[in-house]
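Structural overview
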Amino acid sequence: MDADVIVIGAGAAGLAAARSVARRSLNVIVLEAQDRIGGRVFSHDIPGSAVPAELGAEFIHGPARETMALLRSAGIQAVEVGGDTWALDESGILRLEDSDFMAAARSVFTGDHASLQDESVATFLARLEGNHTNQDLVHKARAFVEGFEAADPEIADVGSIADELRSGVDAGGARPSGGYRPMFDFLAAQCQDEGVQIRLSSTVRRIKWQPGFVTLEGNAGHNAVMWSARAAIVTLPVGVLRGTADEPEVAVEPSLPAVKQEALRYLEMGHVIKVVLQFRTPFWEEIHGGRYRNAGFFRTRPNQPFAVYWTQLPLRVTHLVAWAGGPKAVALRNSSPSAIVEQALEGLGTLFGEPALVRAEFIEAFMHDWDADPFTRGAYSYVVVGGAGARAALASSIAGTLFFAGEATSIDGQDGTVNGALVTGERAAEEVAAALHAPATRGA
Ligand SMILES: Cc1cc2nc3c(=O)[nH]c(=O)nc-3n(C[C@H](O)[C@H](O)[C@H](O)COP(=O)(O)OP(=O)(O)OC[C@H]3O[C@@H](n4cnc5c(N)ncnc54)[C@H](O)[C@@H]3O)c2cc1C
């Protein structure tokens, strides 16, 4: 055997799991397909900027205890998200007094009129609209599901959205100072201190298992390789576990039990197009008499391709982020990268009423195609109608041998977040340790 436990994936869940398993005196190898750690945390340095372009996760949502503990150990600050929210409507661009879309969504999905039925977000919201419930609240609730959850309201399960909103996750929160990468480098260093071997460019193509024994087949670089262990922790994103229509990305033999295959049918990957736009100067701070100097977020009109743009306030830097989630991202995804950037710039020009200035200031854009990425196949997971138990079913282990972690297996409402993924890694590590009768954890 190569190790007691092999962890597939070096994202948040995989690294948290590996560290925790290794602290129980078990040998651990992490196999990561890409030549970098982090998975859906992907910080890209911008020359001359203290803040990287975060192509994936950027915010710390809600209390996020595990993330905050990790940041503290690493000596990294969390910077509270700041600034006002401005919104463009027919009468122009106005500062929103009530800019908390998550609070609006919480009141709609968990308040007095909360849905008690197995139904989609769209069906539920249409009923509320028919009952003349406050239209503004309903629109904000829909924008939240599309933008924050990256979900399609036509199929997203209304009960699962409500559960998540009850869990205390919040939309804004904070950001790790200097981006997420230093925290991940620290976590990987902690793993290595515990003896974990992190093998990059090592792609698993087939998982063969029997109780107490796992063989993984795949490639390390261009070489075919086989690894074996007593147990494996699988942190593959839902999009990868499900595979493409033609073939699985990772074959499992014997195949996953029916309950898990069923769970995968009720979990969808949401879609996000996030473009980081780099400018010569933070010109938005100066225009229109400096009224946007303290702007954190800009919301556009519903017909715009990008729903929201944001600054890095309280840090004053020269990039803005353009975000399209759910159906808006789907509408954009067949466009070329340059056409997507064009639309992001055009939307910004319309927002400020300054198309020429936006063009003149623009330097370059950074983005990552999460849908096309064969190691992700989408942004993050959501539950479709009828899938109330899907996350728990995906999280359950098989024969004390195959264990599952990753944001999609989060059952405490933190799915789709870094913190949720860290928690699932810890949970899977505990399950493995119990199954392998590992000694108590050492260090912390
Ligand atoms: C655009 C975007 C913005 C986001 N914004 C935020 C945010 O602001 N705040 C927040 O908390 N969360 C955010 N998220 C979600 C967050 O990034 C994820 O929930 C979290 O990082 C998932 O961690 P994970 O370990 O479950 O999965 P991943 O990070 O996807 O890790 C899985 C790993 O498995 C590897 N892998 C895949 N296939 C194989 C294979 N065959 N063999 C070996 N390895 C393989 C992958 O390369 C990857 O490294 C965002 C995500 C996206 C895409």
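Look up: the structure comes first, before these words.
Residues numbered from 1 in each chain as written. Predicted model: local features only at pLDDT ≥ 70, side-chain atom pairs only at ≥ 80, totals over all residues. Heavy atoms only, no water.

What about the packing of aromatic side chains?
Under the counting rule described, the total for this entry stands at 18 aromatic pairs. Aromatic rings pair up to connect Trp-86, Phe-279, Phe-283, Trp-284, Tyr-292, Phe-298, Phe-352 and Phe-362 into one cluster. Seen from the ring of Phe-42, Arg-36 lies directly overhead, with NZ or CZ sitting 3.7 Å from the centre. Residue placement shows Lys-140 over the ring face of Phe-101; its charged tip is 5.5 Å from the ring centre. (Phe/Tyr/Trp six-rings, centres within 6.5 Å; stacked < 30°, edge-to-face > 60°. Lys NZ or Arg CZ within 6 Å of the ring centre and 35° of its normal.)

Here we look at the site of the ligand
Contacts to the ligand come from 39 residues, most closely from Glu-32, Arg-40, Phe-59, Glu-407 and Val-418. At 2.9 Å, a backbone N or O of Val-204 approaches a nitrogen atom of the ligand. Within the backbone of Val-418, a nitrogen or oxygen atom sits 2.8 Å from an oxygen atom of the ligand. Burial of the ligand by the surrounding chains reaches 98%, relative to a free accessible area of 1,000 Å². Elements represented by at least two residues in the shell around the ligand include exactly helix H1 (12-22), strand S10 (202-210) and helix H15 (418-435). Ranked by residues supplied to the shell around the ligand, first place goes to S10 with 3 residues. (Near = heavy atom within 4 Å. Polar contact = N/O pair within 3.5 Å; in protein donor to acceptor, adjacent residues only side chain to side chain. Areas by Shrake-Rupley, 256 points an atom, 1.4 Å probe, with all protein chains shown as cover. Helix = DSSP H or I, 4+ residues; strand = E, 2+ residues; numbered from the N terminus.)

Some remarks on the packing of helix H2 (residues 65-74) against H15
Relative orientation of the contacting elements H2 and H15 amounts to 90°, with a least axis distance of 8 Å. Looking at the two axes, H2 sits roughly perpendicular to H15. On H15, the residues touching Arg-65, Glu-66, Thr-67 and Leu-70 of H2 are Val-418, Asn-419, Leu-422 and Val-423. Grouping the constituent residues of the contact of H2 with H15 by class yields 4 nonpolar, 2 polar and 2 charged. (Axes fitted to C-alpha atoms, helices over the stretch in contact; angles between N-to-C directions. Parallel < 35°, antiparallel > 145°, perpendicular 65-115°, else oblique. Contact = heavy atoms within 4.5 Å. Nonpolar A, V, L, I, M, F, W, Y, C, P; charged D, E, K, R; others polar.)

With respect to the pairing of strand S6 (residues 84-89)
As paired strands, S6 and strand S16 (residues 295-299) are joined by 4 bridges and run parallel to one another. Its bridge partner lying in S16, Asp-84 is registered against Ala-295. Looking at chain direction, S6 and strand S7 (residues 92-95) are connected through 4 bridges and run antiparallel. Within the sheet, the bridge partner assigned to Trp-86 lies in S7 and is Arg-95. Counting the residues between successive antiparallel strands, the hairpin from S6 to S7 contains 2 residues. (Pairing = 2+ DSSP bridges.)

Things to note about the environment of Phe-306
Mapped onto the elements, Phe-306 comes out in the loop between S16 and strand S17 (308-310). Judged by its relative accessible area of 1%, Phe-306 falls in the buried class. Considering only alpha carbons, one finds Phe-306 and Glu-346, 40 residues apart in sequence, at a separation of 9.8 Å. Beyond its immediate chain neighbours, meaning those up to four positions away, Phe-306 contacts Ile-273, Val-275, Thr-300, Ala-322, Trp-323, Ala-324, Leu-332, Ile-340, Gln-343 and Ala-344. (Buried < 20%, exposed > 50% of the residue type's maximum accessible area, 1.4 Å probe, protein only.)

Observations concerning the pairing of strand S15 (residues 272-279)
Where burial is concerned, most of S15 is hidden: 8 out of the 8 residues are buried. Pairing geometry for S15 and strand S18 (residues 319-325), over 7 bridges, is antiparallel. Residue pairing in the sheet places Leu-277 in a bridge with Leu-320 of S18.

With respect to the nonpolar core
Core analysis: the largest hydrophobic core is formed by 44 residues, its most contacted members being Met-183, Phe-184, Ile-233 and Val-418. Sorting the residues of this core by element identifies strand S1 (3-8), H1, strand S2 (28-31), H2, helix H7 (181-193), strand S12 (223-234) and H15 as the ones contributing at least two each. At 8 residues, H1 tops the list of elements feeding residues into this core. Each of two domains, domain 1 (3-40 + 179-268 + 385-436) and domain 2 (59-82 + 173-178 + 272-366), supplies a minimum of three residues to this core. If we ignore the near neighbours within four places in the chain, the residues touching Met-183 are Thr-67, Leu-70, Leu-71, Ile-76, Val-418 and Leu-422. The next biggest cluster of nonpolar side chains, apart from the first, holds 33 residues, and it includes Val-204, Val-214, Leu-394 and Phe-404. (Core = buried A, V, L, I, M, F, W, Y, C linked by side-chain atoms within 4.5 Å. Domains from an automatic or database assignment.)

Concerning the pattern of salt bridges
Within this structure, the stated rule accounts for 25 salt bridges. In this structure, the salt-bridge partner of Arg-181 is Asp-45, at a minimum N-O distance of 2.8 Å. On the criterion of sequence distance, the pair formed by Arg-181 in helix H7 and Asp-45 in the loop between strand S3 (43-44) and strand S4 (53-54) is long-range, its members being 136 residues apart. Residue classification places Arg-181 among the partly exposed positions, given a relative accessible area of 32%. Residues Arg-206 and Glu-253 are paired through a salt bridge, measuring 2.3 Å at the closest nitrogen-oxygen approach. Here the residue Arg-206 occupies a position in strand S10, and Glu-253 occupies one in strand S13 (residues 251-253), the gap between them amounting to 47 residues. The exposure class of Arg-206 is partly exposed, given its relative accessible area of 29%. Taken together, the salt bridges that share partners define one network made up of Arg-206, Lys-208, Glu-217 and Glu-253. (Salt bridge = Lys/Arg side-chain N within 4 Å of Asp/Glu carboxyl O.)

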